[in-house]
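Inside the fold
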Amino acid sequence: MIRTILTYPNPELKKKSAPVSSITDSIRQLAADMAETMYDAPGIGLAAPQIGVHQAVIVIDISGKNEPPELIVAVNPVITHAEGDAFEEEGCLSVPSYAANVKRHARVTVKALDLSGAEQEWDAEGLLAIAFQHEIDHLEGRLFVDHLSPLKREIFQRKARKAAEEKR
Ligand code: NI
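Overview of the structure. Note that the structure is a prediction, hence the values are computed from the model and not measured.

A few words on the pattern of salt bridges. Between side chains of opposite charge, a pair can form as their charged atoms come close. Inspection of the entire model under this criterion finds 11 salt bridges. The shortest N-O distance in the salt bridge between Glu90 and Arg104 comes to 2.8 Å. With Glu90 in strand E4 (residues 86-92) and Arg104 in strand E5 (residues 95-104), the pair connects residues that are 14 residues apart, well separated along the chain. Using a relative accessible area of 5% as the deciding quantity, one classes Glu90 as buried. A salt bridge links Arg153 to Asp146; the nearest nitrogen and oxygen atoms lie 3.0 Å apart. One salt-bridge network, in which partners are shared between bridges, spans Glu90, Arg104, Asp137 and Arg142.

Surrounding the nickel ion are the protein donor atoms Cys92 (SG), His134 (NE2) and His138 (NE2), which sit 2.0 to 2.2 Å from the metal. Within one chain, the residues serving as donors to the nickel ion are arranged as C-x41-H-x3-H. Here Cys92, found in strand E4, pairs with His138, found in helix H2 (residues 126-139); they are 46 residues apart in sequence, far enough to count as distant. The class of His138 is buried, set by a relative accessible area of 1%.

A few words now on the layout of surface pockets. Approximately 440 Å³ is the volume attributed to the largest pocket. Together, 16 residues line the largest pocket, and Tyr8, Pro96, Ala160, Ala163 and Ala164 are the ones closest to its centre. Elements with a minimum of two residues in the lining of the largest pocket: E5 and helix H3 (150-167). Tallying contributions element by element places H3 first for the lining of the largest pocket, with eight residues. Residues belonging to the lining of the largest pocket are distributed by class as follows: nine nonpolar, four polar and three charged. The volume enclosed by the second largest pocket comes to roughly 300 Å³. What lines the second largest pocket is a set of 17 residues, and nearest its centre among them are Ile44, Glu90, Gly91, Cys92 and His134. Only E4 and H2 provide two or more residues apiece to the lining of the second largest pocket.

Thresholds, definitions, all that
- Residues numbered from 1 in each chain as written.
- Predicted model: local features only at pLDDT ≥ 70, side-chain atom pairs only at ≥ 80, totals over all residues.
- Heavy atoms only, no water.
- Salt bridge = Lys/Arg side-chain N within 4 Å of Asp/Glu carboxyl O.
- Helix = DSSP H or I, 4+ residues; strand = E, 2+ residues; numbered from the N terminus.
- Buried < 20%, exposed > 50% of the residue type's maximum accessible area, 1.4 Å probe, protein only.
- Donors = N, O, S within 2.8 Å, 3.2 Å for Na, K, Ca; no water.
- 1 Å grid on protein atoms, 1.4 Å probe; cavity = no way out; pocket = protein on both sides within 12 Å on 5 of 7 lines; lining within 4 Å.
- Points joined across faces, edges and corners; volume = space filled by probe spheres on them.
- Nonpolar A, V, L, I, M, F, W, Y, C, P; charged D, E, K, R; others polar.

Here's what the structure looks like:
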């Protein structure tokens, strides 16, 4: 089922997610809904808090339009190693019509559970490394705009307020 994606400044996006204690049918359903919602948007990643669920589940698929889908579902993801610097443009389904360059690590190792409860590990670089960091941030209640310099952040907030006023 396609779920509604919450957008900035919805306070649900600032709440921390709890670790999943066991992989149940409801967690599998959550992951399926998240994947469907991400592909529908379309986007390359989605974290559970973006649909108002505060459980540590993320989905990522960075495969291109003309490639077969490569869905990653990561439950309780943790970055166990990070190195190098990246500074790439990011966007977010919860922050529509805004993109900015964000400082990240260039390479990360991520450990998580899959939907069978087995431990998985990824050595990620490039876009996948950035996607992992971006989605794991969501589980901590952080958005990519929280990484901006104070000045850039202020410009973003001003734009967002203006857009919200125009919607009214
Ligand atoms: Ni995002």
